Amino acid sequence: MCGIVGYVGDSKSLEVLLGGLKRLEYRGYDSAGVAVLDADGHMATRKRAGKLQVLVDDLTDRPIANGATGIGHTRWATHGGPTDRNAHPHLGDDGKLALIHNGIIENFSELKQELLDSGATFTSETDTEVAALLVGREYDETHDLTESLRRVVARLKGAFTLLVMHEDQPGVVVGARRNSPLVIGLGDGENFLGSDVAAFVEFTRRAVAIGQDQIVTIRTDSVVVTDFDGNPVETEEFEIAWDASASDKGGWSSFMAKEISEEPEAVANTLLGRVHDGIVTLKELEPIGDDVLAGIDRIVLIACGTAAYAGMLGKYAIEQWSRIPVDVELSHEFRYRNPIINERTLVISISQSGETMDTLMAVKYAMEHNARVLSVCNTQGATIPRESHAVVYTHAGPEVAVASTKAFVAQVTALYLIGLHLARVRETLTDAEIRANVAELQAVPDKIAEVLRVSQAEIGQLAHWMTDTQSVLFLGRNVGYPVALEGALKLKELAYIHAEGFAAGELKHGPIALIEPGQVVIVVVPSPRDPDSLHPKVVSNIQEIRARGARVIAIAEKGDASVLPFADEVIPIPLAGHLFEPFLAVVPLHIFGMELASAKGLDVDQPRNLAKSVTVE
Ligand code: AGP
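Residues numbered from 1 in each chain as written. Predicted model: local features only at pLDDT ≥ 70, side-chain atom pairs only at ≥ 80, totals over all residues. Heavy atoms only, no water.

Caption draft 1: How the structure looks around helix 16 (residues 535–546). The terminal C-alpha atoms of helix 16 lie 16 Å apart, and with twelve residues this matches the ideal 16 Å at 1.5 Å per residue to within 8%. On its buried face, helix 16 is in contact with strand 22 (471–476), strand 24 (520–524) and strand 25 (551–557). (Helix = DSSP H or I, 4+ residues; strand = E, 2+ residues; numbered from the N terminus. Expected span 1.5 Å × (residues − 1). Contact = heavy atoms within 4.5 Å.)

Caption draft 2: Layout of the site of the ligand. Near the ligand you find 14 residues, and of these Ser351, Gln352, Ser353, Thr356 and Glu493 are the closest. Between an oxygen atom of the ligand and a side-chain N or O atom of Ser351, the distance comes to 2.7 Å. Within the backbone of Gln352, an N or O atom sits 2.7 Å from an oxygen atom of the ligand. Calculation on the ligand without its partners gives an accessible area of 410 Å², and the protein chains cover 90% of this total. A class-by-class count of the residues in the shell around the ligand yields five nonpolar, seven polar and two charged. (Near = heavy atom within 4 Å. Polar contact = N/O pair within 3.5 Å; in protein donor to acceptor, adjacent residues only side chain to side chain. Areas by Shrake-Rupley, 256 points an atom, 1.4 Å probe, with all protein chains shown as cover. Nonpolar A, V, L, I, M, F, W, Y, C, P; charged D, E, K, R; others polar.)

Caption draft 3: Expanded view of the pairing of strand 9 (residues 183–186). Burial of strand 9 is two-sided: the residues Val183 and Gly185 facing one way and the residues Ile184 and Leu186 facing the other way are all buried. Counting the residues in the hairpin turn of strand 9 and strand 10 (residues 191–194) gives four residues, including Gly189, whose phi is positive at 80 degrees. (Buried < 20%, exposed > 50% of the residue type's maximum accessible area, 1.4 Å probe, protein only. Pairing = 2+ DSSP bridges.)

Caption draft 4: Region of the structure containing the side chain of Gln606. Note on placement: Gln606 falls in the segment after helix 17 (581–599). Note on Gln606: relative accessible area 13%, which makes it buried. Separated by 3.2 Å, the side chains of Gln606 and Lys51 make a polar contact.

Caption draft 5: Focus on helix 7 (residues 263–271). Buried within helix 7 are the following residues: Glu263, Pro264, Ala266, Val267, Thr270 and Leu271. One side of helix 7 carries all its buried residues, which in axial view fall inside an arc of 170 degrees. The elements touched by buried residues of helix 7 are helix 6 (255–261), strand 15 (275–276), strand 21 (390–393), helix 13 (406–425), helix 14 (431–465) and helix 17. Phi for Gly273, located one or two positions after helix 7, is positive at around 75 degrees. (Arc of directions from axis to C-beta.)

Caption draft 6: Expanded view of the side chain of Thr394. With respect to the element layout, Thr394 can be found in the loop between strand 21 and helix 13. Residue class for Thr394 comes out buried when judged on its relative accessible area of 3%. Look past the residues within four positions of Thr394 in its chain and what remains in contact with it is Thr270, Val376, Cys377, Asn378, Ala410, Gln411 and Ala414.

Caption draft 7: How the structure looks around the sheet that holds strand 10. Taken together, the eight strands give an open sheet; going across it, the order is 3-2-4-1-10-9-11-14, and neighbouring strands pair in antiparallel fashion. One side of each edge strand has no neighbouring strand; the edge strands of this open sheet are strand 3 (43–49) and strand 14 (237–239). Pairs of neighbouring strands in the sheet enclose a mean axial angle of 20 degrees, with direction left out of account. Note that strand 9 and strand 10 share four bridges and pair antiparallel. In the sheet register, Val183 faces strand 10, and the bridge partner there is Gly194. (Axes fitted to C-alpha atoms, helices over the stretch in contact; angles between N-to-C directions.)

Caption draft 8: Molecular detail of the packing of aromatic side chains. Summed over all chains, the structure comprises nine aromatic pairs. Geometrically, the ring pair formed by Phe160 and Phe228 is stacked, given 6.4 Å between the ring centres and 10 degrees between the ring planes. Here the residue Phe160 occupies a position in strand 7 (residues 158–166), and Phe228 occupies one in the loop between strand 13 (223–227) and strand 14, the gap between them amounting to 68 residues. Assigned by exposure class, Phe160 and Phe228 land together as buried. Aromatic pair Phe334 and Tyr365: ring centres 6.2 Å apart, planes at 85 degrees, arrangement edge-to-face. Of this pair, Phe334 sits in helix 10 (residues 331–334) while Tyr365 sits in helix 11 (residues 357–368), placing them 31 residues apart in sequence. The class of Phe334 is buried, set by a relative accessible area of 0%. Take Tyr365: its relative accessible area is 9%, and that puts it in the buried class. Taken together, the ring pairs in this structure connect Tyr7, Phe192, Phe200 and Phe203 into an aromatic cluster. Just above the ring of Phe122 sits the side chain of Lys112; from NZ or CZ to the centre is 4.6 Å. Here Arg608 stacks its cationic end above the ring of Tyr496, 3.8 Å away from the centre of that ring. (Phe/Tyr/Trp six-rings, centres within 6.5 Å; stacked < 30°, edge-to-face > 60°. Lys NZ or Arg CZ within 6 Å of the ring centre and 35° of its normal.)

Caption draft 9: Main features of the sheet that holds strand 24. Pairing is parallel across the open sheet formed by five strands, whose spatial order is 23-22-24-25-26. Every other strand in the sheet has two partners, leaving strand 23 (498–503) and strand 26 (569–573) as the edge strands with one partner each. Between one strand axis and the next, the sheet turns through 20 degrees on average, direction left out of account. Across six bridges, strand 22 lies against strand 23 in parallel orientation.

Caption draft 10: Layout of the environment of Met466. The residue Met466 is located in the loop between helix 14 and strand 22 in this model. It is 54 Å that separates the C-alpha atoms of Met466 and Val223, two residues lying 243 residues apart in sequence.

Caption draft 11: Structural context of the pattern of salt bridges. Throughout the structure, instances matching the rule amount to 32 salt bridges. Among the salt bridges present, the one from Lys51 reaches Asp603, with a minimum N-O distance of 2.3 Å. Placement of Lys51 in the loop between strand 3 and helix 2 (52–61) and of Asp603 in the segment after helix 17 is noted, with a sequence separation of 552 residues between them. Relative accessible area serves as the criterion here: at 32%, Lys51 is assigned to the partly exposed category. Overall, the relative accessible area of 32% leaves Asp603 in the partly exposed class. The residue Asp213 makes a salt bridge to Arg178 at a minimum N-O spacing of 2.7 Å. (Salt bridge = Lys/Arg side-chain N within 4 Å of Asp/Glu carboxyl O.)

Caption draft 12: How the structure looks around the packing of helix 15 (residues 480–495) against helix 17. The contact between helix 15 and helix 17 brings their axes to 9 Å, and the two run at 15 degrees. Classed by the angle they form, the pair helix 15 and helix 17 counts as roughly parallel. Taken as a pair, helix 15 and helix 17 cross one another with a handedness that is right-handed. Note on element contacts: helix 17 touches helix 15 through Pro582, Ala585, Val586, Leu589, His590, Phe592, Gly593, Met594, Leu596 and Ala597, opposite Val483, Glu486, Gly487, Lys490, Leu491, Leu494 and Ala495. Of the residues belonging to the contact of helix 15 with helix 17, the class tally is twelve nonpolar, three polar and two charged. (Parallel < 35°, antiparallel > 145°, perpendicular 65-115°, else oblique. Left-handed = near helix turned anticlockwise from the far one by under 90°.)

Okay, structure coming up:
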């Protein structure tokens, strides 16, 4: 969950490093640092606690010489607090080697003791400094940066992406990765390394993903990738599907505001190329094969946070359309409960970043236990898709704000497409039924756009009235329940308010004790049009809480007059089929979380204590 950039090229290292770190800051932002080799071959480092801007200001006040080789890092603290001393880069004994790290070195204590016994002195509390000292000592023996790093990574346990450079090796940066992301950017007379493609997309859209337990050595005119034993490995170049402007704010007040506005196109772009004549065909599933999919007898959706709530919605659709039992599990729970899976199990991981360690470990477990593994992911070249049998990419574009919004609706879209593909393969839906559901999906972008047009201002006002609110409850039934959970998570992670989502039917089994006069409750109300709708039950739930003084905000289908007498506020959403209502009901909750955080003067894009991608277990 740190941002990493490496560069070899002409004398613009600092611009590349700081520009890349800015685009990666959402990965971690409690301290930042750079190391640069200047034209005379002297290495200069600077690192500061606080956001990247603190480092930028410091470098403006106290410049260091620019150069042609450099590494940079933004940190999300694991070992040692966010201080100048604990910021990366960390140096070898003689200060000639600089190293940056993303991940956790699990056996750092024993290695640190070995170094202390040999007389080493430490300047930080980090696990990273152990690696820096070890590589520096190997270099003093080998004078070969790649070999030195190779020897050290063979001794490390845990998850790491390491980049190193040495004063005696101008024009060389070496990187190694295990269970943590690293991608190569290929330039003309320059090459780049980054924890994701955002690090260098401004300079090149040619990229190469680096696999598990691999080492890469970049120079201005060469890129060499080997495994940890030194054997050359095949690499595959890909083109980054978006440009630098896509990862800029583009005039929006925050990345989150921009990304909420992009929710319609996130759905539309995820549908692109996957529907032909109203029928869903996912070529991406060919590595698993329709014959295997026809024989699957269980699906397990694994994910964390918002992605797990997308999975909960996917469950309803996939079960209804394909008639395959679907379980939704939190990755970190699934991984360690000895789950029952086999070759007839399809495990689908859902991850925006494709680097969430909890989900990556669960994917590895599923692969080791013969399940078929499919990933839904928003980041090309990420680790989780590479560890899976197949991947269905969402095309939401880069999601920079830590709180996930457009990726959520894109994930649900991808899961619905998978459900319709399975229904076709297993013949559990007729072509006409598939076309009808595809038409509903294709109508979603315009309906989300309508919600954004109609409700944004009203929700902003509502949020400004609620800045003193200490607690908000969210209620939903059936497909409204995952929406309630997602709305509660947004309020927690953005406005730092205690918020809890409940299945509305659960209210009477305990949570109703929480209702007291003035308690704010946001209720996701299903459409009344469906004869089997749970609408009457949800309206009863609203009456029960109103009778106890709750202040009710209802998200309800426009024209649903039956809610009006029981709600203090009603936020209307367009009409949609039952399974498609969540696409529309969630958007006001995304806006509400953002607006309330903004009204409270909080950092909407980089909430406290969080990082965009949780790459440690
Ligand atoms: C959602 O707003 C949070 N940022 C968090 O719950 C996130 O969804 C979760 O960490 C999973 O991330 P992933 O989709 O990148 O795997």
